[in-house]
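Residue-level structural notes
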Amino acid sequence: MKIYAVGGAVRDALLGLPVKDRDWVVVGATPEDMVARGFKPVGRDFPVFLHPQTREEYALARTERKTAPGYAGFVFHTSPDVTLEDDLIRRDLTINAIAQTEDGSLVDPHDGRADIAAKILRHISPAFAEDPVRILRVARFAARFADFTVAPETMALMRAMVAAGEVDALVAERVWQELAKGLMEAKPSRMFELLRECGALVRLLPELDALWGVPQRADYHPEIDTGVHVMMVVDMAARLEAPLPARFAALTHDLGKAKTPADILPRHHGHEHKSVAMIEPLCERLRVPTECRDVARLAARYHGDMHRVAELRPDTVLRILEHCDVLRRPERFAQVLLACEADYRGRLGWEERDYAPAAIWRTALAAVNAVDAGAIARDTMRNAGADGAKASLTIAENIHVARVDALRMALR
């Protein structure tokens, strides 16, 4: 039995990056051998085991055979006579098909080190075309390694896969999983630009793909093109180290601009409500988590108001805060505000501008929080006497008045 480190850990070490997770492949062993050594079996589709001490994953060397369309249409084969080379050739990219022996030497049958040096993402074999998830993985790696380029032959193969309908067989959960990982990379825009280049974006996210070529007012958007703007926004969200819900909101905040009638372009009156209406079915289709959906809807609806808070009346500011459920969910409002900052600064030449509205909204939130609703309720009940129904109405009214007054003073 021989054990090799494989995949991302070897790649990242060669790139001089921190190694977070290690994967191992075991050659010359059976499942019974692994269990006898104390490993715990966890794999459902093929034998994967957890190390009894480190809890790292050890997979038996395997081959695979395509049996049906889509991500799940494979049959896997493991046995002690499956070699390391058999296992490595089934992987996606050359940079991910480098193994390291226990003494530290490298096994690199597909010249992954040369592609790392040349900064190229290149598929290993024609078997790449059998798994459509690999299109998403290549796009995600492009977002992670922003200075890498995709080999022309790999791009051509990805386009052929899209044309053959392989992308249409992807399950929603796996699409979201890869998109979410791509959004959390250093330059998320590269993922979506690469998916657009190979033709996959219009199949997976047609709402987003439709934004390219839609003009905006040059005085507010020097970059003009809406698709370009959205890519700048997601990259700004990454620069701001925003969490996933805020980055998803950055991606989807302007979807409604694709629905603007041609006769009013480059203005986009009412695009906020259109964006909200488009986010709901998109999230349902891709099984997007509730928190991401909710932050996206709020950012889409209110990003214009968030930018011009200095022009809003105190009662309008309060209405927006209440709609965001800011007293119970301040962390969600913080993510909406972060997505709006990314929208504001995700414009050509605006990247280094200060987002002044953020300080105003934080001041407004502090003013609302400072209102003692309990004391107002007690005073209202005392003044109302025993009429509970009347008191329950006036409590809400009095709290509202107090919060508007507090906002008026704080924002003056």
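Residues numbered from 1 in each chain as written. Predicted model: local features only at pLDDT ≥ 70, side-chain atom pairs only at ≥ 80, totals over all residues. Heavy atoms only, no water.

Looking at helix α5 (residues 133-144)
The condition is simple: The helix and strand labels rest on DSSP assignments: H or I over at least four residues marks a helix, E over at least two residues marks a strand, and numbering proceeds from the N terminus. By this rule, a helix spans an expected 1.5 Å times one less than how many residues it contains. Burial here depends on accessible area, computed with a 1.4 Å probe over protein chains only, as a share of the maximum for the residue type. Under 20% is buried, over 50% is exposed, and the range in between is partly exposed.
In a regular helix each residue adds 1.5 Å, so 12 residues correspond to 16 Å; α5 covers 17 Å between its end C-alpha atoms and thus fits that length. The buried count for α5 comes to 10 of 12 residues, which makes it a mostly enclosed element. Residues of α5 that are buried: V133, R134, I135, L136, V138, A139, R140, F141, A142 and A143.

Looking at the side chain of E185
Rules: Each polar contact in these results corresponds to two N or O atoms within 3.5 Å; when the atoms are within protein, one needs to be able to donate a hydrogen and the other to accept it, and residues that are neighboring in sequence are counted only if both atoms are side-chain atoms.
Positionally, E185 belongs in the loop between α7 (172-183) and α8 (189-198). Side chain to side chain, E185 and R144 meet in a polar contact 3.1 Å long.

Examining the state of the cysteines
Linking two cysteines covalently via their sulfur atoms produces the bond known as a disulfide. For the record, the criterion: The criterion for a disulfide is a pair of cysteine sulfur atoms lying within 2.5 Å.
For the coordinates displayed, the defined rule picks out 0 disulfides. You can see C292 has no disulfide; the closest cysteine sulfur is in C283, sitting 7.9 Å from it. Overall, C292 belongs to the buried group, its relative accessible area being 3%. As a non-bridged cysteine, C324 has C340 as the owner of its nearest cysteine sulfur, 8.5 Å distant.

A look at unusual backbone geometry
In this model, L265 is joined to P266 through a cis peptide bond whose omega is 10°. By the element assignment, P266 lies in the loop between α12 (244-252) and α13 (271-286). Positioned with a positive phi, R55 is a non-glycine residue whose angle comes to about 65°. Looking at the secondary structure, you find R55 in the loop between β4 (48-50) and β5 (57-60). The phi dihedral of K119 is positive, around 60°, even though this residue is not glycine. Mapped onto the fold, K119 is located in the loop between α4 (112-118) and β10 (120-121).

Some points on the environment of A249
How we decide: Contacts are residue-level and defined by heavy atoms, with any inter-residue pair within 4.5 Å sufficient.
Relative to the helices and strands, A249 is located in helix α12. For A249, a relative accessible area of 0% gives the class buried. For the pair A249 and A5, spaced 244 residues apart in sequence, the C-alpha to C-alpha distance is 37 Å. Beyond its immediate sequence surroundings of up to four residues, A249 is in contact with V295, A296, A299 and A339.

Re the sheet that holds strand β9 (residues 106-107)
Applicable threshold: Should DSSP find at least two bridges between two strands, the strands are taken to pair.
The strand order β3-β4-β5-β2-β1-β8-β9 describes an open sheet built from 7 strands, whose pairing is mixed. Unpaired on one side and paired on the other, β3 (40-41) and β9 mark the two borders of the sheet. Direction of pairing for strand β8 (residues 99-100) relative to β9: antiparallel, over a ladder of 2 bridges. Along β9, the bridge assignment pairs Q100 with L106.

Concerning the packing of aromatic side chains
So the rule is basically this: Only Phe, Tyr and Trp rings take part, Trp by its six-membered ring, and two of them pair if their centres are within 6.5 Å. Stacked means planes under 30 degrees apart, edge-to-face means over 60, and tilted covers everything else. Lysine and arginine charges are scored as sitting over a ring when NZ or CZ, respectively, is within 6 Å of the ring centre and within 35 degrees of the ring normal.
In total, this model carries 8 aromatic pairs according to the counting rule given. Ring geometry for F39 against Y58: centres 5.1 Å apart, planes inclined by 65°, an arrangement best described as edge-to-face. Taken together, the residues F39 in the loop between α2 (31-36) and β3 and Y58 in strand β5 connect sequence positions 19 residues apart. Exposure class is identical for F39 and Y58. Each is buried. Aromatic rings pair up to connect W24, F39 and Y58 into one cluster. In this structure, R140 packs its charged tip against the face of F141, placed 5.3 Å from the ring centre. Positioned over the ring face of W350 is R353, at 4.0 Å from the centre of the ring.

Observations regarding the side chain of H303
Inspection of the secondary structure puts H303 in helix α14 (residues 290-307). Residue H303 is classed as buried on the basis of its relative accessible area of 5%. In this structure the side chain of H303 is engaged in a polar contact, spanning 2.8 Å, whose partner is the backbone oxygen of A299. In contact with H303, not counting residues within four places along its chain, are H253, D254, H271, E272, C340 and D343.

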